[in-house]
Every structure is written in structure tokens, then in C-alpha cells.
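The residues making up each chain are set out below.
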Amino acid sequence: MSNFRLQGRFQAKPRFSNKLPSLYLDSLRNSADAHHVEIYLVNNTGQTLAFVASPQPLLFIPTLAIAPIEDDILHYEDVAPGEAVKIAEFDEAYDSDFLHQLHLLWQLPQGPARSATIIDKGIKKFRYRVLEWQADA
């Protein structure tokens, strides 16, 4: 798969009394290779994110050649509500024994840039991970 931006592909899963995430990671499997898993950051905030960036993207070398890279940083601008951007990919069998670190930065239309660092052995924490929850209404 080489889709870096997907619109409407993911559905936020409620947690904790039906609370929905506003920003989260989700994953897709590649139908051509059962072990290939792609990780996306999904914007469920209802606002366009000014940018999403990863200073050390976890992408395969062939993917890096066509990825939106600026100054060695994976970088997306104007990430629309409901849009998902690819931030990592793994070989589920090969990468299961390694310690991975993913650092992400994002900016809402107002306020300071925010960040998250996820460290885990294998890829379990990357498949579905909430980064921010929607505010209580």
C-alpha cells in the first residue's frame, strides 16, 4: 500500500462510557502481505490540524523514497477532520522482537504544538492508541 492520506477510512471506537478519541492511532493490514501493518494517525478533532510530523518516521526504506519528507522529517500539512495520515509501518513477524520508538508532533488551529512518544516492544501499542480524548460536552 502506498496511500499516505486516507479520508473516512477509520471509525473512532468509544471507550470509558462512550467517550471518543479526538486523535488516535489505528492500523491497516496490507492484503498482499499478511505481515505488513500500516499505522495511521487519525484526526477525529472536528478541526483541521495545521500539521502532523514525525522526526524519526518508522517507514520501510522503499516507502521513505515516496513519503512526504521535509528535512528528514515526515510532515503533513492541513490534516482535515476524518483524515488519517500514515506515520509508521511494520512487518509484524520481523518487528515483533524489537523495541520501537515513535515520536509525533501535531498542531491544532489554536494553542501550542503537542507531542507524544510511544515506546514499545513489538507493535501492539501502535495498532490502536488514543493520543487525545474529546472534551466532555
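Here the structure is a predicted model, which is why all the values come from computation and not from measurement.

1. Quick word on the sheet that holds strand β2 (residues 21-30)
At step 1: Taken in spatial order, the five strands of this open sheet run β1-β7-β3-β2-β10, and their pairing is antiparallel. The sheet terminates laterally at β1 (5-7) and β10 (129-133), the two strands that pair on one side only. Mean inter-strand twist for the sheet, computed between neighbouring axes without regard to direction, equals 30°.
At step 2: Summarising the sheet, β2 and strand β3 (residues 33-43) pair through eight bridges and their orientation is antiparallel. Residue D26 lies in a different strand from β3, and its bridge partner there is Y40.

2. A few points about the pairing of strand β4 (residues 49-54)
At step 1: Looking at chain direction, β4 and strand β6 (residues 73-79) are connected through five bridges and run antiparallel. Looking at β6, one finds that L49 is bridged to V79.
At step 2: Here β4 runs beside strand β8 (residues 99-107); their pairing, made up of three bridges, is antiparallel. Note that in β8 the partner of V52 across the bridge is W106.

3. A closer look at the side chain of E38
At step 1: In this fold, E38 is placed in strand β3.
At step 2: On the accessibility criterion, E38 (0% relative accessible area) is buried.
At step 3: Separated by 3.0 Å, the side chains of E38 and Y40 make a polar contact.
At step 4: Among the polar contacts listed, one links the side chain of E38 to the side chain of K86, at a separation of 3.0 Å.

The rules behind each value
- Residues numbered from 1 in each chain as written.
- Predicted model: local features only at pLDDT ≥ 70, side-chain atom pairs only at ≥ 80, totals over all residues.
- Heavy atoms only, no water.
- Pairing = 2+ DSSP bridges.
- Helix = DSSP H or I, 4+ residues; strand = E, 2+ residues; numbered from the N terminus.
- Axes fitted to C-alpha atoms, helices over the stretch in contact; angles between N-to-C directions.
- Buried < 20%, exposed > 50% of the residue type's maximum accessible area, 1.4 Å probe, protein only.
- Polar contact = N/O pair within 3.5 Å; in protein donor to acceptor, adjacent residues only side chain to side chain.

The values are spatial; any link to function lies outside them.
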